[in-house]
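Secondary and tertiary structure notes
Spelled out from the first residue to the last, the chains are:
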Amino acid sequence: MVYTKEWLDKSSYTKKGFKKYEPEELIQLGRLAGFEKVEVKDIVKGKSFVVVYTKNPIEFSLPNVGES
């Protein structure tokens, strides 16, 4: 869960030492990390949200062990 920058700016303890991200920044970071699908879903509108990152599953095949 991520709190919005606006919400964090209201709290005295987050004025220093906290990195505050906008949803667009988190979307961009996810795409740079290789996630194909990035969704932002509000938990409480204007207060908190969650970012869901999804990658396509890696396709691979296991070697046939014990077969000639």
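Summarised in this report is the structure supplied together with it. (Residues numbered from 1 in each chain as written. Predicted model: local features only at pLDDT ≥ 70, side-chain atom pairs only at ≥ 80, totals over all residues. Heavy atoms only, no water.)

For the rest of this paragraph, the subject is the overall build of the protein. When helices and strands are counted, the protein shows 2 helices and 3 strands. Secondary structure elements of the protein, listed N to C terminal, follow the sequence β-α-α-β-β. For the protein, the C-alpha radius of gyration of 19 Å lies well beyond 11 Å, the compact-globule estimate for 68 residues. Dimensions of the protein along its principal axes, counting C-alpha atoms only, are 70 × 25 × 20 Å. Out of the 68 residues belonging to the protein, those deemed buried represent 16%. Long-range contacts, defined as pairs at least 24 residues apart, comprise 30% of the intrachain contacts of the protein with a sequence gap of at least 6. Counting 12 positive and 10 negative side-chain charges, the protein places the averaged centre of each group 11 Å from the other. (Helix = DSSP H or I, 4+ residues; strand = E, 2+ residues; numbered from the N terminus. Rg over C-alpha atoms; globule rule 2.2 N^0.38 Å. Buried < 20%, exposed > 50% of the residue type's maximum accessible area, 1.4 Å probe, protein only. Contact = heavy atoms within 4.5 Å. Lys, Arg positive; Asp, Glu negative; His and termini not counted. Charge placed at Lys NZ, Arg CZ, Asp CG, Glu CD.)

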